[in-house]
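# Architecture at a glance
Here's the letter readout for the chains.
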Amino acid sequence: MANWDDVLVVQPDVVTREADGESVVVLPTQGKFIVLNATGALVLQLADGTRSLHDIATAVAEHFGAELDVVEPDVLSFADRLMHRGVLISAKQSTG
Amino acid sequence: MKWSMALGEIRMSVQGHPRWVTPLARAWDDWGSDFVRRKWTVELAEASNLAVPEAPLFETLPRCQAGRCTLEAPGFEGYIVPEAHTARLHAHPAATPGDVSYFVRVACALQAFTQGGLLFHAAGIVHQDQGYGIFGLSGSGKTTAAKLSAPDPVLNDDLVLLWPDTDAAHGWRIEATPFGKRRGDVIRAPLRSLLWLVKDMEIFLEPLSRAQSLGELIANTPVLSSDAAWLPQAMARWEDVMADVPVYALHFRRDVSFWEVLDGQLG
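Residues numbered from 1 in each chain as written. Chains lettered and ligands numbered in written order. Predicted model: local features only at pLDDT ≥ 70, side-chain atom pairs only at ≥ 80, totals over all residues. Heavy atoms only, no water.

It is worth spelling out unusual backbone geometry at this point. In this model, Ala150(B) is joined to Pro151(B) through a cis peptide bond whose omega is 10°. Looking at where Pro151(B) falls in the secondary structure, it is placed in the loop between helix 3 (142-148) and strand 11 (154-156). Even without being glycine, Asp20(A) reaches a positive phi, approximately 50°. Secondary-structure assignment places Asp20(A) in the loop between strand 2 (15-19) and strand 3 (22-27). (Helix = DSSP H or I, 4+ residues; strand = E, 2+ residues; numbered from the N terminus.)

Here it is, written out as structure tokens:
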């Protein structure tokens, strides 16, 4: 389960590409892909190994002019799903 | 034994023990050729020192790094170097023609890609002189669609090649391969549309977003889809295709009337 202070990063083998505001996220080792909407793509872009999930939720709320209280649970749940699917990993795990 | 084939833009010679090469030459006889320009060489070497194969080679995905792709599994050590136009498979004598065929298909996928094309996991059907690439999940109905389309020519019911159409200002062509079942003598056609099959009770065409199209197309791109090293280029290649060729979801009920829907909407 993801936590607010988790710092996440995209798994190195994952390949992403933007297409008309959405993002295609391909997981070559699993032979799978997912499509993210603009909000999901922004979360993925912000998960660069320097920001906590709280920082990301704050940035997303500012970007869309939304209330942080509304955004936070969605970001946490979304990050959790992406971790479960192997798209996001802990930055600590990434650096070994 | 040495045997050469011409497959679209692909020129490849396969050499090795007749036990492996002869079945390929027989099965792919229509593609046999003496033409040797831009040829790749696939060498098949017996290696008794390797372990007995535990599984078919097709269960092994190639791994690519720094321009070299390797396939390694008990009984097999293979590498492909696209830039050098070279592929070599060391295999235990118990390896089957099916294992060898898979290795050649991987080499073909890489050769096609390095020459501007794509090997595509799809049924290729020619309808009213236009080519359609029908793709989808395993069991989605590619083979059924091919069978239902008789007497339209089927380029292949499983794997086809796409190439930029050099005879036209823009566009792509779809070409036959020996890697599945064919019907008729047609070997290529201008590519009219790519159709992602969705099982349904009704038949209709539905636009796909560019991102969804790209994901589905990449997922049906053998070899390249499984390796992060090739993926960015492969996605860019598919974007080139999508710039010229429309991609739709074809909601598909298992009867031939889907062609009436396609004719009505695509013309």
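Moving on, we get to the state of the cysteines. Residue and element names in this part refer to chain B. One pass over the full model with this rule turns up one disulfide over all chains. The side chain of Cys64 participates in a disulfide bridge whose partner is Cys69; the two sulfur atoms lie 2.2 Å from each other. A torsion of 105° about the S-S bond marks the disulfide between Cys64 and Cys69 as right-handed. (Disulfide = S-S within 2.5 Å.)

The interface is formed by twelve residues belonging to chain A together with 18 residues belonging to chain B. On inspection of chain A and its partner chain B, the count reaches two salt bridges. The salt bridge partner of Asp20(A) is Arg210(B), with a shortest N-O separation of 3.7 Å. Where chain A packs against chain B, one counts two residue pairs in polar contact (both at pLDDT 80 or more). Counting only elements with at least two residues in the side of chain A that touches chain B, the list comes to strand 2, strand 3 and strand 4 (32-36) of chain A. Broken down by class, the residue content of the side of chain A that touches chain B amounts to seven nonpolar, no polar and five charged. (Contact = heavy atoms within 4.5 Å. Salt bridge = Lys/Arg side-chain N within 4 Å of Asp/Glu carboxyl O. Polar contact = N/O pair within 3.5 Å; in protein donor to acceptor, adjacent residues only side chain to side chain. Nonpolar A, V, L, I, M, F, W, Y, C, P; charged D, E, K, R; others polar.)

To continue, consider the sheet that holds strand 2 of chain A. Residues and elements named next belong to chain A. If you walk across this open sheet you meet the three strands as 2-3-4, and the pairing is antiparallel. On the outer flanks of this sheet lie strand 2 and strand 4, each paired with one strand and no other. Between one strand axis and the next, the sheet turns by 20° as a mean value, whatever way the strands run. Strand direction decides the pairing type here: strand 3 and strand 4, joined by five bridges, are antiparallel. Across the sheet, Leu27 pairs through a bridge with Lys32, a residue of strand 4. (Pairing = 2+ DSSP bridges. Axes fitted to C-alpha atoms, helices over the stretch in contact; angles between N-to-C directions.)

We now examine the pattern of salt bridges. Residues and elements named next belong to chain B. Taken as a whole and judged by the stated rule, the model has ten salt bridges over all chains. A salt bridge links Arg173 to Glu175; the nearest nitrogen and oxygen atoms lie 2.8 Å apart. Several salt bridges share partner residues, and in doing so they unite Glu9, Arg173, Glu175 and Arg188 into one network.

Taken over all residues, the pLDDT of chain B has a mean of 93, while the share at 70 or more is 98%. No element of chain B has a lower mean pLDDT than strand 4 (residues 63-65) of chain B, at 86, and none a higher one than strand 8 (residues 118-121) of chain B, at 98. (pLDDT = per-residue confidence, 0-100.)

Residues and elements named next belong to chain B. Within the secondary structure layout, Trp28 lies in the loop between helix 1 (18-27) and strand 3 (39-46). Look at Trp28 and you get buried, because its relative accessible area is 5%. A sequence separation of 62 residues divides Trp28 from His90, and the C-alpha atoms of the two residues are 22 Å apart. Sequence-distant contacts of Trp28, that is, excluding residues within four places in its chain, are made with Trp3, Met5, Ser101, Val104, Pro178 and Phe179. (Buried < 20%, exposed > 50% of the residue type's maximum accessible area, 1.4 Å probe, protein only.)

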